[in-house]
Amino acid sequence: MLTIGYAAQTAKSPLAPFNFERRALRPNDVAMEILYCGVCHSDLHQARDDWGFSTFPIVPGHEIVGRVTEIGSAVKRYKVGDAVAVGCMVDSCQECDQCRKGEEQLCRQANTQTYNSRDRITKAPTYGGYSKHLVVREEFVLRVPDALDLAKAAPLLCAGITTYSPLRTWNVGPGSRVGVIGLGGLGHMAVKLAAGMGAQVTVLSRSPDKEADALALGADNLLVSSDKEAMKKAASSFDLIIDTVPVRHDVSPYMALLDVDGTLVIVGQIGPIDQQLTLPFVLGRRRLAGSPIGGIAETQEMLDFCARKNILPDCEMIRMDEINEAFERMERSDVRYRFVIDMASLS
Ligand code: NAP
Ligand code: ZN
């Protein structure tokens, strides 16, 4: 099927219209028309080749919501017209211990990413959600609960699951003390989800400007990370801190905020971290961890949780041809709190 999307041809070129083919349906494939696609900071990182493993042309987009237009002969779970979603993965080996546990994001043979990856069968490049149509195997398609507004649900597919998963892994619930570093796309979802689980939530931001927003999103308070006095007062007062900062930074000042056995989980920056002082780790039995997205079953659990709790991202809708400006604004942290592309604007 011929479709249209927006691609970057090189790490230095802006995104521009790009015509390409989606594969003919395999028996277990679902075809969908994409209605909305969220704009993740990872899209910007990969379009600019910040991580050094991008292949071009690249069609970003892994926060995808759409409607089923066609199903393969063996598809059981979906029918034409269903509201569906796709996140960061479109395939995995399905056989290893991690896949069998429903942790496809940790597949021993590496999952296939929605874009900037290779199809497991044809080895053709995968292209993401900044496009009109998508074909994905049934096992990697999520169901969007009726209660969720389709125009706002897209960011749940990456920002939502990437913050939901560590909250679940570290057993956050009523009474947990959770810190969230960086109030952006992932950060604002971390606040809403942690508050929805009953935790006491603190935003750690570079400036006090976002305090009113932080409280409105469900946080109990905002701590300005450059305020040395306030940081000192907050020592040993968190069970879990989720770090969403997208650039290289020193995590030491945040480690000291963890209580005994507390964990700082990095979901943001992918790359070197500055040299760490081991003292706070050793003396406080604190942990530094990482976490990638979440499995398919957990992603469905998160969508259902959001539907039950009426949790949705704060979105700013843009047209497809506004994407380059949106990237620039995202780089300046000028987004409250997620851009979503209305794919009806692309023809
Ligand atoms: P975003 O919307 O741009 O938010 C990042 C936030 O970090 C900003 O709002 C800002 O918050 C803070 N920040 C930005 N620049 C900073 C700097 N120079 N120093 C300190 N703080 C800074 O980005 P996002 O979409 O949430 O993504 C965040 C990161 O997560 C990206 O690196 C992305 O690639 C990564 N990611 C990882 C996964 C995964 O599976 N682990 C999934 C998705 C995304 P304040 O203004 O409040 O300080
Ligand atoms: Zn993402």
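The numbering scheme is per chain: residues are counted from 1 as the chain's sequence reads. Here the convention is simple: chains get letters from A, ligands get numbers from 1, in the order in which they are written. Side-chain atom pairs in this predicted model are given and counted only at pLDDT of 80 or more, local residue features only at pLDDT of at least 70, and totals for whole chains, interfaces and linings cover all residues. Side-chain figures throughout are based on the complete set of non-hydrogen atoms in the structure, without hydrogens or water.

### A few points about the packing of helix 4 (residues 159–169) against helix 5 (residues 185–196)
Each packed pair of helices is defined by two parameters, the angle between the axes and the distance between the axes.
Step number 1: Simply put, an axis is a line fit to the C-alpha atoms, just over the touching stretch for a helix, and the angle between two N-to-C directions goes from 0 to 180 degrees. Strands here are runs of E lasting at least two residues and helices are runs of H or I lasting at least four, both read from the DSSP assignment and numbered beginning at the N terminus. Packing of helix 4 against helix 5 brings their axes to within 8 Å, and their N-to-C directions diverge by 50 degrees. Relative to helix 5, the element helix 4 is oriented oblique. With respect to the hand of their crossing, helix 4 and helix 5 are arranged in right-handed fashion. Residue-level contacts link Ala159, Gly160, Thr162, Thr163, Tyr164 and Leu167 of helix 4 to Gly185, Leu186, Met189, Ala190, Leu193 and Ala194 of helix 5. An angle counts as roughly parallel when it lies under 35 degrees, as roughly antiparallel when it exceeds 145, as roughly perpendicular when it falls between 65 and 115, and as oblique in every other case. The sense of a crossing depends on the near helix, which, turned anticlockwise from the far helix by less than a right angle, makes the crossing left-handed and, turned clockwise, makes it right-handed. By the convention used here, residues are in contact when the closest approach between their heavy atoms is within 4.5 Å.

### Considerations on the coordination of the zinc ion (ligand 2)
Step number 1: A 2.8 Å cut-off from the metal defines N, O and S donors, relaxed to 3.2 Å for Na, K and Ca; water is not in the atom list, so some sites may appear incomplete. In this structure, Cys40 (SG), His62 (NE2) and Cys158 (SG) serve as the protein donors to the zinc ion (ligand 2), at separations of 2.0 to 2.3 Å.
Step number 2: For the zinc ion (ligand 2), the single-chain donor residues occur in sequence as C-x21-H-x95-C. With His62 in the loop between helix 1 (41–47) and strand 4 (64–71) and Cys158 in the loop between helix 3 (150–153) and helix 4, this residue pair connects regions lying 96 residues apart in the sequence.
Step number 3: A residue is classified by how much of its surface remains accessible, and His62, at 5% relative accessible area, is buried. Accessible area is worked out with a 1.4 Å probe on protein chains only. A residue is then buried under 20% of its type maximum, exposed over 50%, and partly exposed in between.

### Some words on the pairing of strand 16 (residues 315–319)
Step number 1: Whether two strands pair comes down to DSSP finding at least two bridges between them. Where strand 16 lies against strand 17 (residues 338–342), five bridges are found, and the strand directions are parallel. Looking at the pairing, Met317 lines up with Val340 of strand 17.
Step number 2: Orienting the strands away from the viewer, one traces the path from the first strand over the helix to the second; a clockwise path indicates a right-handed crossover. With respect to chirality, the unit in which strand 16 leads through helix 11 (residues 323–331) into the neighbouring parallel strand 17 is right-handed.

### Describing the domain arrangement of the protein
Step number 1: What counts as a domain boundary in this text is fixed by an automatic or database domain assignment. Entries for the protein in the domain assignment read domain 1 (2–158 + 294–345) and domain 2 (160–290).
Step number 2: When each unit is reduced to the centre of its C-alpha atoms, the spacing between domain 1 and domain 2 is 27 Å.
Step number 3: Contact with domain 1, which involves 23 residues of that partner, is made by 23 residues of domain 2.
Step number 4: The term buried area refers to how much accessible surface (probe radius 1.4 Å) is lost by two components on association, counted for both of them together. Carbon and sulfur atoms make up 57% of the area that domain 1 and domain 2 hide from each other, which totals about 2,000 Å².
Step number 5: In what follows, salt bridge is the name for a side-chain nitrogen of Lys or Arg lying within 4 Å of a carboxyl oxygen of Asp or Glu. One can count three salt bridges joining domain 1 with domain 2.
Step number 6: Linking Asp314 and Lys192 is a salt bridge whose minimum nitrogen-to-oxygen distance equals 2.7 Å.
Step number 7: Elements supplying a minimum of two residues to the side of domain 1 that touches domain 2: helix 1 and helix 10 (296–309).
Step number 8: In terms of residues, the side of domain 1 that touches domain 2 owes the most to one element, helix 10, which gives seven residues.
Step number 9: Three classes are used, and their members are as follows: Ala, Val, Leu, Ile, Met, Phe, Trp, Tyr, Cys and Pro are nonpolar, Asp, Glu, Lys and Arg are charged, and the others, Gly among them, are polar. In terms of residue class, the side of domain 1 that touches domain 2 is made up of 12 nonpolar, five polar and six charged.

### Considerations on the pattern of salt bridges
Step number 1: Under the criterion given, the structure shown has 23 salt bridges.
Step number 2: With a shortest N-O distance of 2.8 Å, Glu63 and Arg338 are connected by a salt bridge. Of this pair, Glu63 sits in the loop between helix 1 and strand 4 while Arg338 sits in strand 17; the two residues are 275 residues apart in sequence, bridging distant segments of the chain.
Step number 3: For Glu63, a relative accessible area of 0% corresponds to the buried category.
Step number 4: Where Asp261 meets Arg287, a salt bridge forms, and the shortest distance between an N and an O atom there is 3.7 Å. Separated by 26 residues along the polypeptide, Asp261 in strand 14 (residues 258–266) and Arg287 in strand 15 (residues 287–290) bring together distant segments of the chain.
Step number 5: Residue classification places Arg287 among the partly exposed residues on the basis of a relative accessible area of 42%.
Step number 6: What you see here is one network of salt bridges that share partners, running through Arg23, Arg26, Asp29 and Asp119.

### So, helix 11
Step number 1: Within the sequence span of helix 11, burial applies to Ile323, Ala326, Phe327, Arg329 and Met330. In an axial view of helix 11, the angular spread of the buried residues amounts to 165 degrees, which keeps them on one side of the axis.
Step number 2: Where helix 11 is buried, its residues touch strand 1 (2–7), helix 1, strand 16 and strand 17.
Step number 3: Once helix 11 ends, the next one or two residues include Ser333, with phi positive near 60 degrees. Summarising the geometry, the arc corresponds to the directions from the helix axis toward the C-beta atoms.

### A look at the state of the cysteines
By definition, a disulfide links the sulfur atoms of two cysteine residues through a covalent bond.
Step number 1: Counting rule for disulfides: a pair of cysteine sulfur atoms within 2.5 Å. Tallying each qualifying case throughout the model produces zero disulfides.
Step number 2: With no disulfide of its own, Cys88 lies closest to Cys158 among cysteine sulfurs, the gap being 3.7 Å.
Step number 3: Exposure remark for Cys88: the relative accessible area of 6% places this residue in the buried category.
Step number 4: For the unlinked cysteine Cys315, the closest cysteine sulfur is that of Cys37, found at 12 Å.

### Quick look at a nonpolar patch on the surface
Step number 1: Put simply, a patch holds well-exposed residues, over 30% relative accessible area, that have no salt bridge, with like charges counted together within 9 Å and Val, Leu, Ile, Met, Phe, Trp or Tyr side chains within 5 Å. Methods summary: accessible areas were calculated by the Shrake-Rupley approach with a probe of 1.4 Å, and residue burial reflects only the protein chains presented. Taken together, the side chains of Leu277, Leu279, Val282 and Leu283 present a nonpolar region at the surface, about 450 Å² in accessible area.
Step number 2: Along the chain, the position of Leu279 falls in helix 9 (residues 279–284).

### Focus: the site of ligand 1
Step number 1: Taken together, 28 residues lie around ligand 1, and His41, Ser205, Lys210, Val267 and Arg338 are the ones closest in.
Step number 2: Any pair of N or O atoms that falls within 3.5 Å is considered a polar contact. Within protein, one atom must be able to donate a hydrogen and the other to accept it, and sequence-neighbouring residues count only if both atoms are side-chain atoms. Take Leu183: an N or O atom from its main chain is 2.8 Å from an oxygen atom of ligand 1.
Step number 3: Within the backbone of Gly185, one N or O atom sits 2.8 Å away from an oxygen atom of ligand 1.
Step number 4: Summarising the interface, the protein chains cover 88% of the accessible area of ligand 1, which totals 930 Å² for the free molecule. By convention in these notes, a residue is near a molecule or strand provided one of its non-hydrogen atoms lies within 4 Å of it.

### Some details on the side chain of Asn116
Step number 1: Relative to the assigned elements, Asn116 resides in the loop between strand 7 (112–113) and strand 8 (133–137).
Step number 2: Among the residues examined, Asn116 registers a relative accessible area of 13% and is labelled buried.
Step number 3: A polar atom in the side chain of Asn116 sits 3.0 Å from the side chain of Gln46.
Step number 4: Polar contacts involving the side chain of Asn116 include one to the main-chain amide nitrogen of Thr55, which spans 2.9 Å.
Step number 5: With residues near it in sequence (within four places) discarded, Asn116 still touches Gln46, Phe53, Ser54, Thr55, Ile58 and Thr126.

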